Amino acid sequence: LDPSLDTWDFSSPLVSLWINRFYIYLGFAFGISLWICVQVVLKKQDKNSQEKSVPKATWDLMTNGSVSHQKREVFVSGVKIFYGSQTGTAERFAAVLAEAVTSLGLPATIINLKDCEPDDHLVEEVTNRNVCAFLVATYTDGQPTESAGWFCKWLEEAANDFRFGRTYLKGMRYAVFGLGNSAYTSHFNKVGKNVDKWLWLLGARRVLTRGEGDCDVVKSKHGSIEADFSAWKTKLISRLQELRRGEKKPSGSNCKKGKCESGQHGSESREQGSRSAEESPHRDAEEEEPWESSSEEECGAEDPRGLNSVVDVEDLGGVVGRVKKDEKEKEQQEEKSSLFRSTGKNEDSERRAMITPALREALTKQGYQLIGSHSGVKLCRWTKSMLRGRGGCYKHTFYGIESHRCVETTPSLACANKCVFCWRHHTNPVGTEWRWKMDQPEMILKEAIANHQNMIKQFKGVPGVRAERFEEGMKVKHCALSLVGEPIMYPEINRFLELLHQCKISSFLVTNAQFPEEISTRNLKPVTQLYVSVDASTKDSLKKIDRPLFKDFWQRFLNSLKALAEK
């Protein structure tokens, strides 16, 4: 054999390795990478197993030398206890409840309703995770105690004011315990019922059925008001423990369409509540439900949202039928009685009053102070704001009109439109001409100022109200004839304006652009500020939005704008 050939054959594997060295390097790199990955995975598995076997605090001490708190969701951050007391019972109950809450490890804050500023204290609970407990007593004639008077008045007005709406306190959680005496059957625990109702109307969520303490030991469910409170407190503490764990379940009441059966009235009601819970296992106890009651008075067959209860301003449409029916019946009675009237009576004495009894009741519950038979006055929310040193309405921004010195009134609750956006839901009278009894302008102005001052007086001593603003508010300098209705319909509007200017009170009048003749220079006396409402830009849209009674509404609208331009 050729020795050179043997040498070549011996070295051929080395040559082959040299030629394919790139692939060899690649294989080594892949192997090392795979080994590194395996080691990383194994170390992670070991670490996880250690964390599972060793408590969190011990593991933190071993690794970081300190203990880190585990992050978890907080469902209840604390409890705020509001009380309104006259004899000290509610205050004593508040202290007992605070002690029980503290024993759960939750912070408890006790607040006297006399020192409570609703605009601040309640609104801040919307975003907080607190639970608010209200312990309120019913005093003479079903009225709140002196310390809770302002709070209840603010809550009632807010619940019936369309500008607040049903979501004003959405997110706030609350429970109510009322103190009363069943010997006064007509208004037993009335304040507690109302506070519960008004909070619900503003969008707050009830976490526990309202409790009712009875000072009458004979009729008290548990033998005394202290025992009634103790039973309710036990339920509230249990409910707080459930809320802390994030649990949600029905609060023990069965409420449907405002007719409620509370778990506080014996086994039958409890059985009904449990059946409801079984039928609706996924129902959230904190979701919005019609306000519920623990009393037979409110759980009867009558609709609690009727005319005899506080009506939400947004729900007045539901009572329109009843109001119209009452008006129709009264008109029929008046027609029958008019047959027996003397023919010597003049035309004005035979005209009916604009404000019917049913309408008077509905408007009074909305916060209106009615004057005579067709006028009204109401305290503007901007007036309340400026009394506290806060901002005013746009008239203050544009024209320097101080809201706390402005009386908001109207000499005519009637209107010639049925606007779809009207917050009155058309319960006010409508017509194209004046056909009601007429009060004298001197009386209307006098009563408007007097009622306005009386409403201002109720702010004396209210937390946050500035003394200098209070004194200024008693002296009316401006009058806004823009409350509701059509003020220019009032036949004596010119005399009313003259009286305002004689008293050195500026006038601010808003009309709905359906009475061009009354707006014209020759018919309407000078007004400090005259406004015409322009709710739409075309004939069709104006008809759909304002729903005017006049057939020639569009021409009246255009003529009103022309009359305004000539002023």
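What you see is a predicted model, and the numbers here were worked out from it, not measured in a lab. (Residues numbered from 1 in each chain as written. Predicted model: local features only at pLDDT ≥ 70, side-chain atom pairs only at ≥ 80, totals over all residues. Heavy atoms only, no water.)

Draft legend 1. The UniProt feature "transmembrane region" (unreviewed entry) in the protein chain, seen in detail. Those places that UniProt annotates as "transmembrane region" (unreviewed entry) correspond, in this numbering, to residues 22–42. Taken end to end, residues 22–42 is 100% helix and 0% strand, and its first and last C-alpha atoms sit 31 Å apart. (UniProt positions renumbered as here; feature names shortened; annotations may be inferred. Helix = DSSP H or I, 4+ residues; strand = E, 2+ residues; numbered from the N terminus.)

Draft legend 2. Structural context of the pattern of salt bridges. Enumeration according to the criterion identifies 15 salt bridges in this entry. In this structure, Lys525 and Glu498 form a salt bridge, with 2.5 Å as the shortest nitrogen-oxygen distance. Of this pair, Lys525 sits in the loop between α18 (516–519) and β14 (529–532) while Glu498 sits in helix α17 (residues 493–502), placing them 27 residues apart in sequence. Given a relative accessible area of 27%, Glu498 falls into the partly exposed group. (Salt bridge = Lys/Arg side-chain N within 4 Å of Asp/Glu carboxyl O. Buried < 20%, exposed > 50% of the residue type's maximum accessible area, 1.4 Å probe, protein only.)

Draft legend 3. Seen up close, the sheet that holds strand β10 (residues 375–378). Spatial ordering of the open sheet is given by β9-β10-β11-β12-β13-β14, a layout of six strands whose pairing is mixed. In this open sheet, the two edge strands, each paired with only one partner strand, are β9 (369–371) and β14. Taking the axes of each pair of neighbouring strands and ignoring which way they run, one obtains an average angle of 20 degrees across the sheet. Sheet topology places strand β12 (residues 478–481) next to strand β13 (residues 506–511); four bridges connect them, and they run parallel. Bridging across to β13, Leu481 finds its partner in Leu509. Each of β9, β10 and β11 (406–410) is contacted by helix α15 (residues 441–457), which is oriented at about 165 degrees to β9, the strand it contacts most. (Pairing = 2+ DSSP bridges. Axes fitted to C-alpha atoms, helices over the stretch in contact; angles between N-to-C directions. Contact = heavy atoms within 4.5 Å.)

Draft legend 4. Main features of the environment of Asp535. In this fold, Asp535 is placed in the loop between β14 and α19 (539–546). By relative accessible area, Asp535 is classed as partly exposed at 27%. Here the alpha-carbon distance between Asp535 and Asn512, two residues 23 residues apart in the chain, equals 8.7 Å.

Draft legend 5. Structural view of the state of the cysteines. Applying the stated criterion across every chain, the model contains zero disulfides. Here Cys132 stays unpaired: no disulfide links it, and the sulfur of Cys116, its closest cysteine neighbor, is 9.1 Å away. For the unlinked cysteine Cys393, the closest cysteine sulfur is that of Cys380, found at 6.1 Å. For Cys393, a relative accessible area of 11% gives the class buried. (Disulfide = S-S within 2.5 Å.)

Draft legend 6. View of the packing of helix α4 (residues 89–102) against helix α8 (residues 225–244). Here α4 crosses α8 at 30 degrees, and the two axes come no closer than 11 Å. Comparing their axes, α8 and α4 come out roughly parallel. Relative to α8, the crossing made by α4 is right-handed. Residues Arg92, Phe93, Val96, Leu97, Ala100 and Val101 of α4 lie in contact with α8, whose contacting residues are Ile225, Glu226, Phe229, Trp232, Lys233, Leu236, Ile237 and Leu240. Considering only residue class, the contact of α4 with α8 consists of eleven nonpolar, no polar and three charged. (Parallel < 35°, antiparallel > 145°, perpendicular 65-115°, else oblique. Left-handed = near helix turned anticlockwise from the far one by under 90°. Nonpolar A, V, L, I, M, F, W, Y, C, P; charged D, E, K, R; others polar.)

Draft legend 7. Fine view of a nonpolar patch on the surface. Among the surface-exposed residues, Leu14, Leu17, Ile24, Tyr25 and Phe28 lie close enough to one another that they form a single nonpolar patch of about 560 Å² accessible area. A total of three residues in the nonpolar patch trace back to one element, the largest contributor, which is helix α2 (residues 21–53). Among the structural elements, Ile24 can be located in helix α2. (Patch = residues over 30% accessible without salt bridge, like charges linked within 9 Å, V, L, I, M, F, W, Y side chains within 5 Å. Areas by Shrake-Rupley, 256 points an atom, 1.4 Å probe, with all protein chains shown as cover.)

Draft legend 8. Main features of the confidence of the model for the protein chain. Taken as a whole, the protein chain shows an average pLDDT of 77; of its residues, 74% reach a score of 70 or greater. When the criterion is pLDDT under 50, residues 1–8 qualifies, and its contacts beyond four places in sequence or with other chains add up to one contact. (pLDDT = per-residue confidence, 0-100.)

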